[in-house]
Amino acid sequence: MMKHFWVFLFISTVFFTNTFAQKPEKLSSAELFHEIQKLNFLGTALYVAAHPDDENTNLISYLSNHKKARTVYLSLTRGDGGQNLIGPELRELLGVLRTQELLAARNVDGGEQWFTRANDFGYSKHPNETLKIWDKEKVLADVVWAIRNIKPDVIINRFDHRTPGSTHGHHTSSAVLSMEAFDLANNPEVYPEQLKWTTTWQPKRSFYNTSWWQYGSQEKFAEADKSGMLKLDVGTYYPEFGLSNNEIAAMARSQHLCQGFGRLTDRGISAIYIELIKGEMPTNNDVFDGINTTWSRVKGGDAVGDILYKVEERFDFQNPSKHIPELVRAYELLQQVEDIHWRTLKSKQLKKIILATAGIYLEASSESGSTTPGSKAVIHIEAINRTLPNVTLKQIDIVGVDAKLLPNKTLGTNQKENFDIGFTVPENTSYTSPYWLNEPGTLGTYMVKDQKLIGKSETPSGFKAMFSLVIDDVEITFEKDVIYRYSKPDKGELYEPFAVLPEVTSKIDEKVLIFATMDTKEVQVKIRAGKNDVNGSVVLDHPAGWTIVPTSIPFSIAQKGEEISVKFNVTPPNIESEGKIAPKITVGNKVYVKELVEIDYDHIPKQSVLLPSEAKVVRMNIQKSGEHVAYIMGAGDKVPESLEQIGYQVHMVDPNTIQNGSLDKYDAVVIGIRAYNVIETLKFKQPILFDYVKKGGTMIVQYNTAGRWSNQFDNIAPYNMTLSRDRVTDENAEVKILAPKNSLVNFPNPISEADFDGWVQERGLYFPSQWSKEFTPILSMKDEGETEKQGSLIIAPYGEGHYIYTGLSFFRELPVGVSGAYKLFANMLSVGKDNVKKNSNVKG
């Protein structure tokens with residue numbers, strides 16, 4: 001029964017802390033003892049990889065919880081280029097979501113989280129391409145900056161720097177940069193500007209986290225020479241938690257929900273190998289072998305260690321507060337340690353332990369979840385001392401504003417004290433938003449002007465409460481972020497960050513508006529108030545040649561959080577044109593141009609993201625044939641909405657409802673991305689789909705990943721076709737038209753190489769590598785240094801109709817308004833209709 005109790009406490013701490021963001025830690029005696037063990041270990045490990053979910057949570061948890069080392073994961077990117085299985089966030093918003101999932105994972109496995117400014121721009125085949133797009137010097141500087149600040153004794157790379165081109169270019173690049181930074185971090189002539197805020201550092205050794213897949217098979221790995229490797233059993237059991245290390249690792253891994261990484265826990269012996277790359281080989285299978293990880297490591301540390309080792313040895317699980325005099329004395333001595341790095345780290349750990357040991361609870365909670373510059377704010381203070389007879393609350397300061405209280409009051413045992421602190425938020429207070437999104441960046445890197453912010457996982461809280469307590473006659477200051485605590489009937493007590501937001505924000509829901517004719521479209525602008533009684537006017541900035549009516553719209557909003565809508569009529573020019581429309585709101589003498597995006601999931605803290613409020617408008621002269629398109633959604637994309645913008649009526653079809661003849665009314669049937677990978681039913685519907693084509697229909701299949709469907713699929717095409725992993729990742733790669741007379745590049749829209757300008761992220765992926773003679777390849781393209789790939793778009797007649805397979809990234813190009821992609825897709829939908837009087841000319 002006691003074991004189940006500790007398991008409940010551990011899971012409650014790690015999961016409820018994540019689920020109800022900002023919730024303060026409340027440590028049990030077992031967890032407190034674990035923290036004291038970590039306090040007494042003065043060693044640091046840095047794990048380096050490229051993306052969220054690249055990290056080995058088994059190893060991070062092992063180093064943090066078994067070795068008791070400070071363990072940091074440096075993810076070079078925030079995973080902006082991935083896909084999202086739980087919501088609509090993509091690109092920079094996905095990076096925000098995945099950042100928080102990483103922090104949730106670290107809360108579970110005990111690690112810390114750092115980043116660089118590198119942007120996950122999408123798949124890259126080679127580190128040369130990656131480092132060129134990232135701007136190698138900037139990201140290398142960030143890795144050096146991380147090493148100089150974290151000061152790791154050992155570095156472990158997730159990927160191998162010696163095998164460029166064998167895996168994702170981001171992966172190899174993370175190892176390449178880690179290896180270079182290992183040698184540069186201790187050189188004061190390298191990035192000397194960093195030394196205003198930090199000092200040089202030389203790690204002792206570097207490892208590569210190898211495994212059998214590096215050798216091709218488990219059999220080959222079993223035969224490999226492992227004399228240069230350490231073998232670590234990461235299945236170790238922690239009786240204080242009632243959990244195995246691999247169980248904790250699985251729970252951490254399961255925080256990556258947007259990538260579909262929820263997984264079962266497992267138990268038992270589990271071996272991990274790390275190969276020495278730099279430094280001396282440990283002699284005892286210990287990554288910290290030969291490294292002093294005791295308090296004697298720092299000058300003045302022995303006196304601190306003499307106290308804390310005794311606390312660990314004699315720890316009283318029934319009455320931890322008896323150790324307060326020793327812990328407070330250790331804190332006093334620690335403040336005399338000259339080494340600012342260890343003094344800062346260990347003071348933070350020790351203060352956390354003192355609060356938990358004493359049963360002292362401190363909280364600073366705002367009246368609401370957000371405020372605005374110039375507004376009044378009230379912070380509710382709670383302070384309670386639940387065990388000690390002699391604790392005095394001297395002072396409370398709110399950092400970020402000139403506000404304080406001087407209670408100078410004894411906190412009676414288990415007697416809660418409440419105070420309120422009111423203040424006016426300064427007009428120059430920065431808004432709450434991810435710091436790396438505050439300035440426009442490049443394709444490869446985010447722009448961060450403040451060196452001290454680089455590497456941080458998130459924007460520091462705008463307001464902090466500093467509690468000055470006198471404990472056992474020693475004054476100690478404890479820092480708490482100001483948060484917002486509230487409750488919901490269906491969820492109970494909740495916590496979220498306290499945000500500073502503009503007094504008004506705006507939003508256009510449709511981020512791309514396609515004008516296939518000169519017809520006027522009504523555009524709705526949503527306006528949201530960040531405070532009560534907001535009055536102003538909104539105009540719509542627009543490109544030259546476009547007409548907006550009316551020119552300005554007044555508005556008034558009474559309640560904070562209320563949202564209203566206003567409507568503008570937008571008319572395009574009679575020539576092809578593209579640009580941006582952007583709401584500009586004037587309130588008094590201030591102008592507001594931001595959109596507020598809130599990312600709110602149960603497993604992460606609520607995120608407030610401020611982005612430019614805008615939408616892309618595109619006037620294109622485009623023709624189409626046919627009206628009705630059936631769309632079978634796969635893994636999820638926005639192609640149907642894009643096709644509707646150029647005049648098609650798109651009908652979403654559930655594959656389970658497809659029967660013989662049920663598709664005959666449609667001009668074309670389009671299969672969404674990865675549909676054959678995720679929809680089991682499709683294997684039973686192939687005969688019906690092919691019969692539809694045979695009777696004169698057009699079937700368009702977008703990319704599917706190779707080899708990931710049931711063996712019952714002989715083929716996803718009516719003729720032989722072999723999918724591969726061929727892809728062209730350079731969105732600017734030259735495109736050659738192989739079949740210039742084919743209707744796909746002629747009707748109803750002439751297609752030229754210029755129509756492939758302005759594509760984003762990539763050309764396409766998972767192209768067929770082989771196909772039967774019935775197919776005609778239409779295009780050829782390649783990445784630098786590779787052979788031509790001709791499988792991006794192939795077409796074959798089948799009966800009276802046409803079958804088309806395309807790996808081109810229409811799912812990326814259409815939602816961002818790439819004109820050439822729209823014209824080519826319209827041609828695919830129009831194939832076979834050039835001699836049929838069904839043509840619908842929508843050219844303006």
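The coordinates are above.
Thresholds, definitions, all that
Residues numbered from 1 in each chain as written. Predicted model: local features only at pLDDT ≥ 70, side-chain atom pairs only at ≥ 80, totals over all residues. Heavy atoms only, no water. Pairing = 2+ DSSP bridges. Helix = DSSP H or I, 4+ residues; strand = E, 2+ residues; numbered from the N terminus. Contact = heavy atoms within 4.5 Å. Axes fitted to C-alpha atoms, helices over the stretch in contact; angles between N-to-C directions. Polar contact = N/O pair within 3.5 Å; in protein donor to acceptor, adjacent residues only side chain to side chain. Patch = residues over 30% accessible without salt bridge, like charges linked within 9 Å, V, L, I, M, F, W, Y side chains within 5 Å. Areas by Shrake-Rupley, 256 points an atom, 1.4 Å probe, with all protein chains shown as cover. Salt bridge = Lys/Arg side-chain N within 4 Å of Asp/Glu carboxyl O. Buried < 20%, exposed > 50% of the residue type's maximum accessible area, 1.4 Å probe, protein only. Core = buried A, V, L, I, M, F, W, Y, C linked by side-chain atoms within 4.5 Å. Expected span 1.5 Å × (residues − 1).

### Observations concerning the sheet that holds strand β45 (residues 801-806)
Taken in spatial order, the 7 strands of this open sheet run β36-β35-β37-β38-β45-β44-β42, and their pairing is mixed. Every other strand in the sheet has two partners, leaving β36 (649-652) and β42 (776-777) as the edge strands with one partner each. In this sheet, strand β44 (residues 793-798) lies alongside β42 in antiparallel orientation, the contact comprising 2 bridges. Looking at the pairing, Thr776 lines up with Ile795 of β44. Packing against the sheet, helix α17 (residues 819-830) makes contact with β35 (628-632), β37 (668-671), β38 (698-701), β44 and β45, and its axis sits at approximately 140° to β38.

### Digging into the side chain of Gln100
With respect to the helices and strands, Gln100 occurs in helix α4 (residues 91-109). Not counting residues up to four positions away in its chain, the partners in contact with Gln100 are Glu458, Ile604, Pro605 and Gln607.

### Remarks on the environment of Tyr238
Tracing the backbone shows Tyr238 in strand β7 (residues 237-238). For Tyr238 and Ser29, which are 209 residues apart along the polypeptide, the C-alpha to C-alpha distance reads 14 Å. Sequence-distant contacts of Tyr238, defined by excluding residues within four places in its chain, comprise Ser61, Tyr62, Asn65, His66, Leu243, Ser244, Asn245 and Ile248. At 2.7 Å, the side chain of Tyr238 forms a polar contact with the side chain of Asn245.

### Comments concerning a nonpolar patch on the surface
A surface patch of nonpolar side chains, amounting to about 240 Å² of accessible area, comprises Leu85, Ile86 and Leu257. For Leu85, the location among the structural elements is in the loop between β2 (70-75) and α4. According to the relative accessible area criterion, Leu85 is exposed, its value standing at 55%.

### A closer look at the nonpolar core
In this structure, Tyr803 and Phe825 are the most contacted members of the largest nonpolar core, which totals 81 residues. The biggest single contributor to this core is α17, with 7 residues. Excluding residues within four positions of it along the chain, Phe825 makes contact with Val639, Leu643, Val670, Ile700, Gln702, Phe810 and Leu814. One finds Leu27, Leu42, Ile476 and Phe498 within the second-largest nonpolar core, a separate group that totals 58 residues.

### Remarks on the sheet that holds strand β24 (residues 521-529)
Strand order across the open sheet formed by 4 strands is β22-β24-β28-β26, with antiparallel pairing between neighbours. The open sheet has two edge strands with one neighbour each: β22 (504-507) and β26 (547-549). Averaged over all pairs of adjacent strands, the angle between strand axes in this sheet comes to 30°, irrespective of strand direction. As judged from the 4 bridges shared by β22 and β24, these two strands associate in the antiparallel manner. Along β24, the bridge assignment pairs Lys507 with Lys526.

### Comments concerning the side chain of Asp160
Tracing the backbone shows Asp160 in the loop between β4 (154-157) and α7 (169-184). On the accessibility criterion, Asp160 (7% relative accessible area) is buried. Of note is the side chain of Asp160, whose polar atom sits 2.8 Å from the side chain of Arg162. At 3.3 Å, the side chain of Asp160 and the side chain of Gln214 are in polar contact. When sequence neighbours within four positions are dropped, the list of residues in contact with Asp160 reads Thr172, Ala175, Tyr208 and Gln214.

### Notes on helix α15 (residues 682-694)
Across its 13 residues, α15 extends 18 Å between first and last C-alpha, which sits within 8% of the 18 Å expected from 1.5 Å per residue. In this fold, the buried residues of α15 make contact with β35, β37, α14 (675-678), β38, β44 and β45. Trailing α15 by a residue or two, Gly696 shows a phi angle of about 120°, which is positive.

### Concerning the pairing of β45
Where a strand is regular, its side chains alternate between the two sheet faces. Burial within β45 is extensive, with 5 of its 6 residues counted as buried. Pairing geometry for β44 and β45, over 6 bridges, is antiparallel. Across the sheet, Ile794 pairs through a bridge with Tyr805, a residue of β45. From the end of β44 to the start of β45, which pair antiparallel, there are 2 residues, and Gly799 there has a positive phi angle of about 65°.

### So, unusual backbone geometry
Backbone torsion omega between Val549 and Pro550 reads -5°, so that peptide bond is classified as cis. Within the secondary structure, Pro550 sits in the loop between β26 and β27 (553-557). The omega torsion across Phe747 and Pro748 is -10°, close enough to zero to call that bond cis. In this structure, Pro748 sits in the loop between β40 (735-737) and β41 (764-771).

### Things to note about the pattern of salt bridges
The tally for this structure, following the rule as stated, stands at 53 salt bridges. Between Lys125 and Asp783 there is a salt bridge, with its nearest N and O atoms 3.0 Å apart. Pair noted here: Lys125 is in the loop between β3 (112-115) and α5 (127-134) and Asp783 is in the loop between β43 (779-781) and β44, with a separation of 658 residues, a long-range link. Both residues of the pair, Lys125 and Asp783, count as buried. Note that Lys322 is salt-bridged to Asp316, the shortest N-O span being 3.8 Å. Judged by its relative accessible area of 47%, Lys322 falls in the partly exposed class. Overall, the relative accessible area of 21% leaves Asp316 in the partly exposed class.

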